[in-house]
Amino acid sequence: MRYTICLLLCLVCLLCSAGSLLAADIVITTPGRSAIPIAQPTFIAIGAADAQVERTIDEVLTQDLELTGMFEFVERNAFLDDASRLALTTIEVNFPQWKLLGADLLLKGAYTLKDGQVELKLRLFDVNRRRLLTGHNYKGSRDDVRRMVHRFVDQMLETLTGTRGAFDANIAFISDASGHKELYLAEFDGHNIRRLTDHRNLVLNPDFSPQGREIIFTSYRKDNPDLYRRSIFNATEARISAREGLNIAGRYSPDGREVAVTLSQDGNSELYLLGVDGKIHKRLTNAWGIDVDPSWSPLGDKIAFISNRHGNPHVFIIDLLTGVVERLTRAGKYNATPAWSPDGEWILFTRLEQGGFDIYRIRPDGSAEEQLTAGAGNKEHPRWSPDGRFVIYSDDVLGEKRLYIMRADGTGAREISPLPGRCSHPAWAVR
Amino acid sequence: MKRSMAQRHRSGITSDREPGFGRMLALSVLLHVLTVVFVSGVMFTRAPVPERLSYKVNLVNRPVEQPRRGHSAAAPEKKVSAPAPRQAPAAAKPASKPAPKPAPKPAPKPEAVPKPATVPKPAPKPEAVKKVEVPAPAPAKIKTPEQNVTPTPKAEVPPAPKVAPQPLQPMLSAAEIERIYQQDTHARIDEIRRENEASARIEQLKRQLAAQATAQSPTTTTVSTETVGSASGTGTQAGIAFEEWIMEYLAQHWTLPLTHRKKGLRSTVVLRFDAQGNRTGYTMLIASGDSLFDQSVEQCVLSLQTLPAPPSKSRSFTIIFDPNEMLKK
């Protein structure tokens with residue numbers, strides 16, 4: 001009997017303590033601040049200083065970090081003496097100074113000019129824990145300084161978020177700067193532009209291979225919209241599909257072994273799977289309406305596309321294993337150019353409303369549709385950055401078509417400049 | 001009963017129940033019930049986190065172990081004597097309005113207040129003006145009835161600069177300038193008085209409305225907004241609960257970029273403090289799996305090094321960082 005009573009008492013005590021443990025939970029639902037305070041003092045010159053290099057580093061760092069929307073800069077006027085000291089190790093950095101200024105992160109660096117080469121040292125510190133988060137040394141010509149900084153910001157984002165940035169990657173786009181719509185390549189912020197094609201006719205719809213070494217596009221070089229494949233690093237180019245009718249909107253599969261494309265060889269626009277050599281592997285759709293603009297899911301098991309099989313153009317998804325086609329969008333009368341996000345969470349598309357195209361996003365299950373852009377002008381051809389943080393698209397709000405970039409949630413839109421001519425059909429390469 | 005059972009046993013009639021069967025059955029049932037309650041309580045209550053009251057805590061208030069019943073956002077209680085010297089200079093301006101509200105006003109001016117209360121109007125006037133000795137006395141004079149305003153126009157410094165351009169007109173005599181000056185000054189004084197009266201009336205109405213709202217609000221009937229305490233407090237100490245203080249502090253110091261507020265992210269941390277209120281450590285019990293989210297949580301808990309008041313013993317708090325509530329549409 002005593003044993004039983006003891007047992008009961010123990011149980012009751014256990015229950016009480018469990019109850020009190022639950023009651024002790026503190027739930028915090030609302031973050032008080034939305035941007036990480038970061039201090040970024042001017043880089044220190046080791047030896048001869050160069051204002052141009054310093055300006056470039058500052059400009060690129062500020063641009064990239066602002067674009068992420070994750071950081072807020074600590075006011076430089078408030079910096080104390082540690083900002084002007086060459087302190088790049090955790091022992092040398094005066095962390096209390098930076099903590100006093102409210103910085104959570106500290107980005108310090110130095111550069112050396114020697115024989116026309118720039119050596120750049122970049123360090124990211126955690127001020128609260130007084131530790132180095134990431135640091136890299138880069139060496140290259142003065143023209144490489146921008147890329148060095150882009151690369152470091154990518155590294156920094158990977159350290160902080162687990163997902164590498166995509167700033168050190170090229171974008172492809174179509175521009176008529178030469179008088180014809182040709183294919184161009186540039187850094188994501190519009191620097192280091194170079195023209196890839198000289199077809200002297202209409203070039204459209206570029207897409208990078210997953211390895212980032214090749215690009216496919218449609219060209220009217222032979223007076224028919226044919227599909228071309230081209231190396232980025234040399235001028236090797238091949239016409240991989242020149243079937244009668246349309247050979248357009250080619251998109252590499254995530255493994256890079258196949259290309260989804262719209263062909264109209266049978267009189268109606270349908271989706272096909274081609275090998276990278278142009279051979280037809282499979283016909284994907286067979287409906288009376290047009291089927292265009294394929295976009296692969298990141299796993300490569302589904303493709304979103306546009307079809308007007310139910311009347312108006314809407315986004316549909318086809319399961320490549322079962323062949324089942326499901327309708328995704330139901331609103332609007334004209335939807336176009338779907339783009340599946342790299343993390344598989346969203347599908348971008350454009351919709352014609354009130355005389356202009358705007359960009360929308362929707363979950364692959366058809367939920368949570370939301371409009372990302374608004375205002376005058378046509379926002380078209382949205383494509384994701386490889387890290388899924390940004391969307392690049394064309395907009396003619398200022399009269400001529402220009403390329404713009406915005407965050408995945410539609411905030412922070414800004415023009416990519418300075419790009420030549422009227423620009424459209426952007427695509428962001430994987431690093 | 002025992003005898004009859006024994007008799008039956010002896011007489012060969014078998015019993016259906018063993019001796020003590022009832023007690024054992026009761027014990028068994030009790031144990032089963034307790035087990036079910038325990039398992040369902042401990043293992044399953046965490047899945048759906050119950051809706052929590054959202055507090056708005058004034059971090060000025062110190063946390064205590066046994067907070068009394070009260071309002072966590074209430075301003076800390078002040079000692080009656082403390083505000084007296086601070087409000088003395090401020091009393092010059094708004095003095096006229098609070099006149100109907102005797103409570104706050106008399107305290108700041110212990111010497112001057114008794115006079116207006118007991119002595120007729122003319123007497124306190126000059127005294128009050130002299131005491132201030134600065135251009136500001138204009139409002140102080142307005143505090144008194146209207147007819148008393150006239151004797152102290154010179155103290156009105158603000159109108160003076162406006163009138164200053166007048167002497168530029170060469171045709172005006174000194175007497176005329178003085179007359180214009182007086183007229184303008186009087187007009188300005190009247191205007192100020194009217195403004196003050198109007199604003200005093202508005203303030204009074206506001207206070208009346210607030211008092212009515214407080215009296216009528218069903219949510220505040222049991223909790224005095226004047227009392228510093230916890231809404232769920234049962235103790236006797238003036239102050240808020242440690243949990244409330246920590247929740248408000250951490251919420252203010254939690255930085256999570258807008259671009260990173262995604263559904264499904266949630267971390268649980270245990271924060272430990274010694275009896276002096278110093279943080280002795282923390283443990284990430286359940287990480288969200290998202291690098292930035294977890295780092296933001298760690299940075300947040302690291303920002304809380306010391307509790308503003310020592311708890312009576314070393315304590316630990318389980319803190320759940322869960323922005324999903326906020327992301328609900």
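Residues numbered from 1 in each chain as written. Chains lettered and ligands numbered in written order. Predicted model: local features only at pLDDT ≥ 70, side-chain atom pairs only at ≥ 80, totals over all residues. Heavy atoms only, no water.

1. Details of the overall build of chain B
Step number 1: On a plain count of helices and strands, chain B comes out with eleven helices and five strands.
Step number 2: Here chain B, with 329 residues, has 33% of them falling under the buried criterion.
Step number 3: When contacts within chain B are restricted to residue pairs at least 6 apart in sequence, long-range pairs at least 24 apart make up 69% of them.
Step number 4: Here chain B has roughly 20,300 Å² of accessible surface; of this, 60% comes from carbon and sulfur atoms. (Helix = DSSP H or I, 4+ residues; strand = E, 2+ residues; numbered from the N terminus. Buried < 20%, exposed > 50% of the residue type's maximum accessible area, 1.4 Å probe, protein only. Contact = heavy atoms within 4.5 Å. Areas by Shrake-Rupley, 256 points an atom, 1.4 Å probe, with all protein chains shown as cover.)

2. Let's talk about the packing of helix α2 (residues 51-68) of chain A against helix α4 (residues 145-161) of chain A
Residues and elements named next belong to chain A.
Step number 1: Running from N to C, α2 and α4 cross one another at 35°; their axes reach a closest spacing of 9 Å. Of the two elements, α2 crosses α4, and the hand of that crossing is right-handed. Contact with α2, carried on its side by T56, I57, E59, V60, L61, Q63, D64, L65 and T68, involves V145, R146, V149, H150, V153, M156 and L157 of α4 and no other residues of that element.
Step number 2: When grouped by side-chain class, the residues that make up the contact of α2 with α4 number nine nonpolar, four polar and three charged. (Axes fitted to C-alpha atoms, helices over the stretch in contact; angles between N-to-C directions. Left-handed = near helix turned anticlockwise from the far one by under 90°. Nonpolar A, V, L, I, M, F, W, Y, C, P; charged D, E, K, R; others polar.)

3. Quick word on the nonpolar core
Step number 1: Core analysis: the biggest nonpolar cluster contains 45 residues, and F71 and L107 of chain A have the highest contact counts within it.
Step number 2: In terms of domain composition, this core takes at least three residues from each of domain 1 (6-161) and domain 2 (170-428) of chain A.
Step number 3: Every residue in contact with F71 of chain A, bar those within four places of it in the chain, is listed here: A35, I36, I38, L65, L105, M156, L157 and L160 of chain A.
Step number 4: In terms of nonpolar packing, the next biggest core, distinct from the first, is built from 25 residues, V269, F273, F293 and F321 of chain B among them. (Core = buried A, V, L, I, M, F, W, Y, C linked by side-chain atoms within 4.5 Å. Domains from an automatic or database assignment.)

4. Side note on unusual backbone geometry
Residues and elements named next belong to chain A.
Step number 1: Phi angles above zero are rare outside glycine, and N192 is one such case at about 55°.
Step number 2: Positionally, N192 belongs in the loop between β9 (182-187) and β10 (194-195).
Step number 3: One non-glycine residue, A368, lies in positive phi territory at about 55°.
Step number 4: Relative to the elements of secondary structure, A368 occurs in the loop between β25 (356-362) and β26 (370-371).
Step number 5: The class of A368 is partly exposed, set by a relative accessible area of 42%.

5. Focus on the sheet that holds strand β23 (residues 335-340) of chain A
What holds strands together in a sheet is hydrogen bonding between their backbones, with the strands either parallel or antiparallel.
Residue and element names in this part refer to chain A.
Step number 1: Across the sheet, which stays open at both edges, the four strands sit in the order β23-β24-β25-β26 with antiparallel pairing between neighbours. Each edge of the sheet is formed by a strand with only one pairing partner; in this case those strands are β23 and β26.
Step number 2: Bridge count between β23 and strand β24 (residues 347-353): four bridges; the pairing is antiparallel. Bridge pairing in β24 links A336 to T350. (Pairing = 2+ DSSP bridges.)

6. Concerning the environment of L185 of chain A
Step number 1: Looking at the secondary structure, you find L185 of chain A in strand β9.
Step number 2: In sequence terms L185 of chain A and L196 of chain A are eleven residues apart; their C-alpha atoms lie 6.8 Å from each other.

7. Some words on the confidence of the model for chain B
All names here are of chain B.
Step number 1: When pLDDT is averaged along chain B, the result is 64, and 43% of the positions lie at 70 or above.
Step number 2: Residue range residues 45-53 is modelled with pLDDT below 50. Its contacts to residues more than four positions away, or to other chains, number twelve contacts.
Step number 3: In the predicted structure, residues 216-225 sits below a pLDDT of 50 and forms twelve contacts with residues beyond four places in sequence or in another chain.
Step number 4: Model confidence for the complex is summarised by a pTM of 0.69, with the ipTM given as 0.78. (pLDDT = per-residue confidence, 0-100.)

8. A word on the packing of aromatic side chains
Residues and elements named next belong to chain A.
Step number 1: Taken as a whole, this structure holds 16 aromatic pairs over all chains when the rule is applied.
Step number 2: Pairing F167 with F188 gives two aromatic rings, centres 4.9 Å apart and planes at 40°, and the pair type is tilted. Taken together, the positions of F167 in the loop between α4 and β8 (170-175) and F188 in the loop between β9 and β10 put the pair 21 residues apart, joining distant regions of the chain. There is no split in this pair, since F167 and F188 are both buried.
Step number 3: Taken together through their ring pairs, the aromatic side chains of F167, F188, F390 and W428 make up a single cluster.
Step number 4: A cation sits over an aromatic face here: R309 above F316, 5.5 Å from the ring centre.
Step number 5: Taking NZ or CZ as reference, R361 lies 3.9 Å from the ring centre of W346, over its face. (Phe/Tyr/Trp six-rings, centres within 6.5 Å; stacked < 30°, edge-to-face > 60°. Lys NZ or Arg CZ within 6 Å of the ring centre and 35° of its normal.)

9. Examining the pairing of β23 of chain A
Step number 1: Here β23 of chain A lies mainly inside the structure; six of its six residues are buried.
Step number 2: Between β23 of chain A and β24 of chain A, which follow one another and run antiparallel, lie six residues, and G344 of chain A among them has a positive phi close to 80°.

10. Some words on α2 of chain A
All names here are of chain A.
Step number 1: Taking 1.5 Å of rise per residue, 18 residues should cover 26 Å, and α2 covers 26 Å from first to last C-alpha, within 8% of that figure.
Step number 2: Among the residues making up α2, those that are buried are V53, T56, I57, D58, V60, L61, Q63, D64, L65, L67 and T68.
Step number 3: N-capping of α2 is provided by D50, with a side-chain oxygen placed 2.8 Å from the backbone N of Q52.
Step number 4: Once α2 ends, the next one or two residues include G69, with phi positive near 75°. (Expected span 1.5 Å × (residues − 1). Polar contact = N/O pair within 3.5 Å; in protein donor to acceptor, adjacent residues only side chain to side chain.)

11. Overview of the sheet that holds strand β1 (residues 26-28) of chain A
Step number 1: Spatially, four strands are ordered β1(A)-β5(B)-β3(B)-β4(B) in an open sheet, and the strand pairing comes out mixed. Of all strands in the sheet, those bounded by a partner on one side alone are β1 of chain A together with β4 (279-286) of chain B. Recorded for the sheet is a direction-independent mean angle of 25° between the axes of neighbouring strands.
Step number 2: The pairing of strand β3 (residues 267-273) of chain B with β4 of chain B spans six bridges and is antiparallel. Within β4 of chain B, the residue paired with V269 of chain B across the bridge is M284 of chain B.
Step number 3: Packed on one face of the sheet, helix α9 (residues 242-253) of chain B meets β1 of chain A together with β3 and β5 (315-321) of chain B and runs near 45° to β5 of chain B.
Step number 4: Strand contacts of helix α10 (residues 291-302) of chain B: β3, β4 and β5 of chain B, with the helix running at about 160° to β4 of chain B, the strand carrying the most contacts.

12. Examining the side chain of R407 of chain A
Step number 1: With respect to the helices and strands, the residue R407 of chain A is situated in strand β29 (residues 402-407).
Step number 2: No salt bridge is formed by the buried R407 of chain A. Its closest oppositely charged neighbour is D409 of chain A, at 5.5 Å. (Lys, Arg positive; Asp, Glu negative; His and termini not counted. Salt bridge = Lys/Arg side-chain N within 4 Å of Asp/Glu carboxyl O.)

13. Overview of the environment of H381 of chain A
All names here are of chain A.
Step number 1: One can find H381 in strand β27 (residues 379-384).
Step number 2: Classification of H381 as buried rests on a relative accessible area of 15%.
Step number 3: Contact partners of H381, with chain neighbours within four places excluded, come to T337, T350, I392, Y393, S394, K401, H425 and P426.
Step number 4: In terms of polar contacts, H381 uses its side chain to reach the side chain of H425, at 3.2 Å.

14. A few points about the side chain of S175 of chain A
All names here are of chain A.
Step number 1: Relative to the elements of secondary structure, S175 occurs in strand β8.
Step number 2: Overall, the relative accessible area of 0% leaves S175 in the buried class.
Step number 3: Among the polar contacts made by the side chain of S175, one reaches the main-chain carbonyl oxygen of P420 at a distance of 2.6 Å.
Step number 4: Contact partners of S175, with chain neighbours within four places excluded, come to H180, K181, E182, Y184, P420, G421, R422 and C423.

15. Here's the deal with the pairing of strand β31 (residues 423-428) of chain A
All names here are of chain A.
Step number 1: Taking burial as the measure, the six residues of β31 include six buried ones, the bulk of the element.
Step number 2: Of the pairings in the sheet, the one linking β8 to β31 comprises four bridges and is antiparallel in character. Looking at the pairing, I171 lines up with W428 of β31.

16. Let's talk about the pattern of salt bridges
Where charged atoms from two side chains of opposite charge approach closely, those side chains can pair.
Residues and elements named next belong to chain A.
Step number 1: The full count for this structure, using the stated rule, is 35 salt bridges over all chains.
Step number 2: For E214, the salt bridge goes to R229, with nearest N and O atoms at 2.8 Å. One end of the pair, E214, is in strand β12 (residues 214-219); the other, R229, is in strand β13 (residues 226-231), with 15 residues separating them in the sequence.
Step number 3: On the basis of relative accessibility, which here comes to 23%, the residue E214 falls in the partly exposed class.
Step number 4: Salt-bridge contacts for D226 lead to R239; the nearest nitrogen and oxygen are separated by 2.8 Å. Of this pair, D226 sits in strand β13 while R239 sits in strand β14 (residues 237-241); the two residues are 13 residues apart in sequence, bridging distant segments of the chain.
Step number 5: The exposure class of R239 is partly exposed, given its relative accessible area of 41%.
Step number 6: A cluster of three or more residues bridged by salt bridges with shared partners is formed by E59, R146, E187 and D189.

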